[in-house]
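As a plain string of letters, each chain reads:
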Amino acid sequence: MAVGTTHHTIVSTQSHLWNCKNSRLDETTTKVGLVSIRSSSPGNRKLGLVCSSGSKSSIIDPVQLPSSGKGYHSPKRSSESSLILIRHGESMWNEKNLFTGCVDVPLTPTGVEEAIEAGKRICNIPIDVIFTSAMIRAQMTAMLAMMQHRRKKVPIITHKESEQPHSWSQIYSEHTRKQYVPVITAWQLNERMYGELQGLNKQETAERFGKEQVHEWRRSYEMPPPNGESLAMCADRAVTYFKDQVVPQLIAGKLVMVVAHANSLRSIIMHLDKLTSQEVISLELSTGIPMLYIFKEGEFLRRGSPAGPSEASVYAYTKNLAQYRQKLDSMVQ
Ligand SMILES: O=C(O)[C@H](O)COP(=O)(O)O
């Protein structure tokens, strides 16, 4: 399949197509897929979006991002990959409108359905490794989502907290080993610690301390809740972990999924989208909505929500974040 002057060979194992309604590319139903492609220059494995509408197919070469010079140092600069971020489905304390933070509560039946729906949205995107927080609501979401995956690989939590759990969980079959996706759990991806707000009702807390004060505790970058973590403190652990553990996987060309929490993911998205401490105040994440990024030459390009009805579903956008998004899009054109 030729795109422009470069001849691409689609490496079939990873080409999956999904229906993409309301595609920006074409009014009719366009099948869009993420494919692993080998272009004419040897050893150059790229990741491209393939769009097929009727008999026509074309590969959209991932757009060349203006190099900000601040991208990650990527020894294999030609490798590309994809990153999926998902906030866990609704938890039992989300349902009760309680501040949760580092209290380890499970999903509600609605949260289970959200996790399954998230899995359907990403079911055609190959995933090589999954990172979750150490909390059950993120791990439940990851496992439920993977039950929908077309490749039917088994997600297995890798226990490396000490030698014995690691040695006792060995798999002694080469064939079976090829049929699983490692799930790495990390406390660094846990939700921000909400301190003395944990367990309090959000509405009652706003009435007691004032809406503005509670909004600042919940959404500002610098201000921590009483005896809790600010978003900046959460970023110190979550973004550091992302850089140290997740980015090397992407540089190696691995397709990664991270399932975590509202604020630990807000701190990571703030880093990926280069949001200011002012812009991040408006960033809200819905439960169970996958967000897709393409990682190319050390830079991250947000690609909305896979197979979602529109990219607006990726975040509960507010006006100034939508304007920010338009600026980002114009930069990429
Ligand atoms: O910890 C919590 O209560 C939720 O995960 C998110 O809380 P927030 O929306 O108040 O940040």
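Residues numbered from 1 in each chain as written. Predicted model: local features only at pLDDT ≥ 70, side-chain atom pairs only at ≥ 80, totals over all residues. Heavy atoms only, no water.

Draft legend 1. Main features of the side chain of Arg 219. With respect to the element layout, Arg 219 can be found in helix α7 (residues 211–219). The class for Arg 219 is buried, based on a relative accessible area of 7%. Side chain to side chain, Arg 219 and Glu 284 meet in a polar contact 3.0 Å long. The contact partners of Arg 219, leaving out residues within four places of it in the chain, are Tyr 194, Asn 263, Arg 266, Val 280, Ile 281, Leu 283 and Glu 284. (Helix = DSSP H or I, 4+ residues; strand = E, 2+ residues; numbered from the N terminus. Buried < 20%, exposed > 50% of the residue type's maximum accessible area, 1.4 Å probe, protein only. Polar contact = N/O pair within 3.5 Å; in protein donor to acceptor, adjacent residues only side chain to side chain. Contact = heavy atoms within 4.5 Å.)

Draft legend 2. How the structure looks around the nonpolar core. Core analysis: the largest hydrophobic core is formed by 33 residues, its most contacted members being Leu 83, Leu 85, Phe 242, Val 246, Val 258 and Phe 300. For this core, the secondary structure elements donating two or more residues are β6 (80–87), β7 (129–132), α8 (231–251), β10 (256–260), α9 (262–272) and β11 (291–296). Here this core takes ten residues from α8, the largest share from any one element. Formed by 15 residues, the second largest nonpolar core is a distinct cluster that contains Ile 122, Ala 142, Val 259 and Leu 292. (Core = buried A, V, L, I, M, F, W, Y, C linked by side-chain atoms within 4.5 Å.)

Draft legend 3. A look at the pairing of β6. Within β6, eight of the eight residues are buried, leaving the element largely enclosed by the surrounding structure. On β6, burial covers both faces: Glu 80, Ser 82, Ile 84 and Ile 86 on one face and Ser 81, Leu 83, Leu 85 and Arg 87 on the other are all buried. Where β6 lies against β11, six bridges are found, and the strand directions are antiparallel. Note that in β11 the partner of Glu 80 across the bridge is Lys 296. (Pairing = 2+ DSSP bridges.)

Draft legend 4. Unusual backbone geometry, seen in detail. At Asn 97, a residue that is not glycine, the phi angle is positive and equals roughly 60°. The residue Asn 97 is located in the loop between α1 (92–95) and α2 (109–121) in this model. Judged by relative accessible area, which is 33%, Asn 97 ranks as partly exposed. Even without a glycine there, the phi angle at Asn 227 is positive, about 55°.

Draft legend 5. The arrangement of the site of the ligand in detail. Of all residues adjacent to the ligand, which total 13 residues, the nearest are Gly 101, Tyr 194, Arg 218, Arg 219 and Asn 263. One nitrogen or oxygen atom from the side chain of Tyr 194 is found 2.8 Å from an oxygen atom belonging to the ligand. Taking Lys 202, its side chain carries an N or O atom lying 3.3 Å from an oxygen atom of the ligand. Look at the ligand: alone it shows 310 Å² of surface, and the protein chains cover 98% of it. At the level of secondary structure, the elements contributing two or more residues to the shell around the ligand comprise α7 and α9. In terms of residue class, the shell around the ligand is made up of four nonpolar, four polar and five charged. (Near = heavy atom within 4 Å. Areas by Shrake-Rupley, 256 points an atom, 1.4 Å probe, with all protein chains shown as cover. Nonpolar A, V, L, I, M, F, W, Y, C, P; charged D, E, K, R; others polar.)

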